[in-house]
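Each chain is listed here by its residues.
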Amino acid sequence: MASSRQDYIAPWWTYWLHNFPHLNFNFQAVDDTFKPEDASYQQSLVLLACVSALGLGLSLLVLSAYLTCLCCCRREEDEEVKKPDTCCVTWAAVITGLVICSAVGVGFYGNSETNDGVYQLTYSIYNANHTLGGIGSLVGNSLGSIQVGLKEHLERLDEIFSPRGDYTQTLRFMQQMADNIIQQLTAMPDTRKVQVDLAAIADQTAFIEYYRWLAFLLLLILDLVICLLACLGLAKQSRWLFAVIMVCGVLTLIMSWASLGVGTATAVGTSDFCVSPDKFIVNQTKDSLSEDIVHYYLYCSQSLPNPFQQSLTIFQRSLTTMQIQVQGLLRFSLPVFPTAEKDLLGIQRLLNSSEFNLHQLTASLDCRSLHKDYLEALLGVCYDGVEGLLYLCLFSLLAACAFCALLCAVPRAWTLYAIRDRDYDNMDEDDPFNPSRRISAYNPNRAQVHSFCSYSSGMGSQTSLHPPLQATSSTPEYMNQSMLYERNPRYENVPLIGSGSPPPSYSPSMRTTYLSMTDAQIRHFGTDFQV
């Protein structure tokens, strides 16, 4: 029966997920048929979700080992070693940010696709529920009007036509037709139980989907916020931002792995249903509906007969026969029994109303309406829904890996900035490489301050010294602009001889430079530079 289906073909990714191993807690293979009420099947899905817990534990272990090595194994803090580390940290942060942004984009798409698929599923279920409710209402109204209204009219007419045996015989024949209709309507399946089940499934699915969508939306926004904080922390070099990133990053890492586990288990379970949905529905409805009725609506094939056709035909023929009998009584009995007109017209109106209900019931019982809702539900959950779950799993995996790398890069950046700050704090105030001294040397308000070389000469007094030259600098204009705005000049590009201060220590090359000074420079700077 399932091989004859041509209007629904499960997508390839559902078969791929369906082939995932299904193992119980004893690591024994279980049946991969979708049976959510079976304990072994539930254990297989829980075990799949626990695989992400293993990934979380491994990530935390690697992160802990890295932080331990970072704290215990300090590298040498010379300049040649620090530059590659800073570059690596910067590039790691940039790549991690790009991966997180890409993962967030994938997550937004997957969240939207999953929500669209579940919405189509619930919409189709509500439509099918409305159709079943209409069938139950038509059957109940027709059955009530014939059992109550027709019976009252026939009882009064039986009293009126009691003198005429032929008329009472016609009334008994109409009662037999009414009994046939009641029998056929009573044999109709009770759709109220199925209607209640569908309504409960749709409400519960919509409730869960709303909070799932909201949770993933908040997780996506949190990932973006942490990514922005990481960029801001690297730019501002703020330690409190690094602390916030570490705390939020660990929480996001845990939530990413958790969402991966839940998404994987949900995707596998949904794929198990999508591979053979007809089998599951037949098993679920075997207590309330016959297999012929279920197959008729699941496949809606021309080769399958309508299981309600015989009942509807008997209903139609009984109504037609009763209408003919009523018309005959209206023509021949009213001249003799004029008081019977009211009841005969009441029966005629009741039969017309029942015939109208019959046409609506015939259209509602046709398989095309419910089969269309069934196909739309399958397409929604198995195509858009499962595809969206796969994208969400990809987002969770990328986010988990990216945040693990980010949590490794942030402490390293923190260490490098701490080393740099400590080196600056340990500088001598007279060191020309000290940022505060270098910036003050180019402060216009201190242009008239004499260099310490002018006051450090041991020959003569201050009055015998040459008047100080106007504060000029051989530094190009663009370097002064950079130092004023960035307050972090590139000290290796500033000439030392023209700055008015020698370096704190001499290297052989620097000693040669100062020994090669001209006489004019010696007269200007004094004898302090003579070695």
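As annotated in an unreviewed UniProt entry, the protein chain carries the name Protein tweety homolog and comes from Phoxinus phoxinus.

J.: Can you help me understand the overall build of the protein chain in this one?
T.: Looking only at helices and strands, the protein chain features 16 helices and zero strands. Across the 531 residues that make up the protein chain, the buried fraction comes to 40%. The long-range share in the protein chain, meaning contacts at least 24 apart out of those at least 6 apart in sequence, stands at 79%.

J.: Which parts of the structure should I look at to understand the UniProt feature "transmembrane region" (unreviewed entry) in the protein chain?
T.: In the UniProt entry, the feature "transmembrane region" (unreviewed entry) is given for residues 45-67, 88-109, 213-233, 240-260 and 389-410. The span residues 45-67 is 100% helical and 0% strand by assignment, and the distance between its end C-alpha atoms comes to 34 Å. This span, residues 389-410, is 100% helix and 0% strand, and a straight line between its end C-alpha atoms measures 31 Å.

J.: Just to check I follow, could you spell out the pattern of salt bridges for this structure?
T.: A side chain with one charge can pair with a side chain of the opposite charge if their charged atoms come near. Taken as a whole and judged by the stated rule, the model has six salt bridges. Linking aspartate 31 and lysine 35 is a salt bridge whose minimum nitrogen-to-oxygen distance equals 3.6 Å. By relative accessible area, lysine 35 is classed as partly exposed at 27%. Glutamate 376 is the partner of lysine 372 in a salt bridge, and the nearest nitrogen-oxygen pair spans 2.7 Å. Taken together, the residues lysine 372 and glutamate 376, both in helix 11 (residues 367-425) and four residues apart, mark about one turn of the helix. In this structure lysine 372 comes out as partly exposed when scored by relative accessible area, which is 47%.

J.: I would appreciate a short explanation of the packing of helix 4 (residues 165-187) against helix 9 (residues 309-332) in the present structure.
T.: For any two helices packed against each other, one specifies the crossing angle of their axes together with the interaxial distance. As a packed pair, helix 4 and helix 9 sit with axes 9 Å apart at the nearest point and diverge in direction by 160 degrees. With respect to helix 9, the axis of helix 4 lies roughly antiparallel. Relative to helix 9, helix 4 is oriented so that their crossing is left-handed. Contact residues: Tyr167, Thr170, Leu171, Phe173, Met174, Met177, Ala178, Asn180, Ile181, Gln184 and Leu185 in helix 4; Ser311, Ile314, Phe315, Ser318, Leu319, Thr321, Met322, Gln325, Val326, Leu329 and Phe332 in helix 9. Residue classes in the contact of helix 4 with helix 9 are distributed as 15 nonpolar, seven polar and no charged.

J.: Help me out: how do you make sense of the packing of aromatic side chains in this one?
T.: When we look at a pair of aromatic rings, we describe it by the centre distance and by the angle of the planes. Applying the stated criterion to the full structure yields 16 aromatic pairs. Here the aromatic rings of phenylalanine 161 and phenylalanine 337 are separated by 5.3 Å at their centres, their planes lie at 65 degrees, and the arrangement is edge-to-face. In this pair, phenylalanine 161 sits in the loop between helix 3 (79-160) and helix 4 while phenylalanine 337 sits in the loop between helix 9 and helix 10 (341-365), placing the two residues 176 residues apart along the sequence. Geometrically, the ring pair formed by tyrosine 210 and tyrosine 211 is edge-to-face, given 5.1 Å between the ring centres and 80 degrees between the ring planes. The class of tyrosine 210 is partly exposed, set by a relative accessible area of 45%. Connected via pairs of aromatic rings, a cluster forms that spans Phe34, Tyr41, Phe273 and Phe280.

J.: Explain a negative patch on the surface here, please?
T.: Taken together, the side chains of Glu152, Glu155, Asp158 and Glu159 make up a negatively charged region of the molecular surface. Secondary-structure assignment places glutamate 152 in helix 3.

J.: I tried to follow the state of the cysteines on my own but got confused; where do I start?
T.: What makes a disulfide is a covalent bond joining the sulfur atoms belonging to two cysteines. This structure, assessed with the given rule, holds two disulfides. Residue cysteine 274 pairs covalently with cysteine 382 via a disulfide, S to S 1.9 Å. Disulfide cysteine 274-cysteine 382: torsion about the S-S bond near -95 degrees, hence left-handed. With cysteine 274 in helix 6 (residues 239-275) and cysteine 382 in helix 11, the pair connects residues that are 108 residues apart, well separated along the chain. Residues cysteine 274 and cysteine 382 agree in their burial class; the two are buried. Here cysteine 300 pairs with cysteine 367 through a disulfide, and the sulfurs are 2.0 Å apart. Judged by the sign of its S-S torsion, about 60 degrees, the cystine formed by cysteine 300 and cysteine 367 is right-handed.

Conventions and cut-offs
Residues numbered from 1 in each chain as written. Predicted model: local features only at pLDDT ≥ 70, side-chain atom pairs only at ≥ 80, totals over all residues. Heavy atoms only, no water. Helix = DSSP H or I, 4+ residues; strand = E, 2+ residues; numbered from the N terminus. Buried < 20%, exposed > 50% of the residue type's maximum accessible area, 1.4 Å probe, protein only. Contact = heavy atoms within 4.5 Å. UniProt positions renumbered as here; feature names shortened; annotations may be inferred. Salt bridge = Lys/Arg side-chain N within 4 Å of Asp/Glu carboxyl O. Axes fitted to C-alpha atoms, helices over the stretch in contact; angles between N-to-C directions. Parallel < 35°, antiparallel > 145°, perpendicular 65-115°, else oblique. Left-handed = near helix turned anticlockwise from the far one by under 90°. Nonpolar A, V, L, I, M, F, W, Y, C, P; charged D, E, K, R; others polar. Phe/Tyr/Trp six-rings, centres within 6.5 Å; stacked < 30°, edge-to-face > 60°. Patch = residues over 30% accessible without salt bridge, like charges linked within 9 Å, V, L, I, M, F, W, Y side chains within 5 Å. Areas by Shrake-Rupley, 256 points an atom, 1.4 Å probe, with all protein chains shown as cover. Lys, Arg positive; Asp, Glu negative; His and termini not counted. Charge placed at Lys NZ, Arg CZ, Asp CG, Glu CD. Disulfide = S-S within 2.5 Å.

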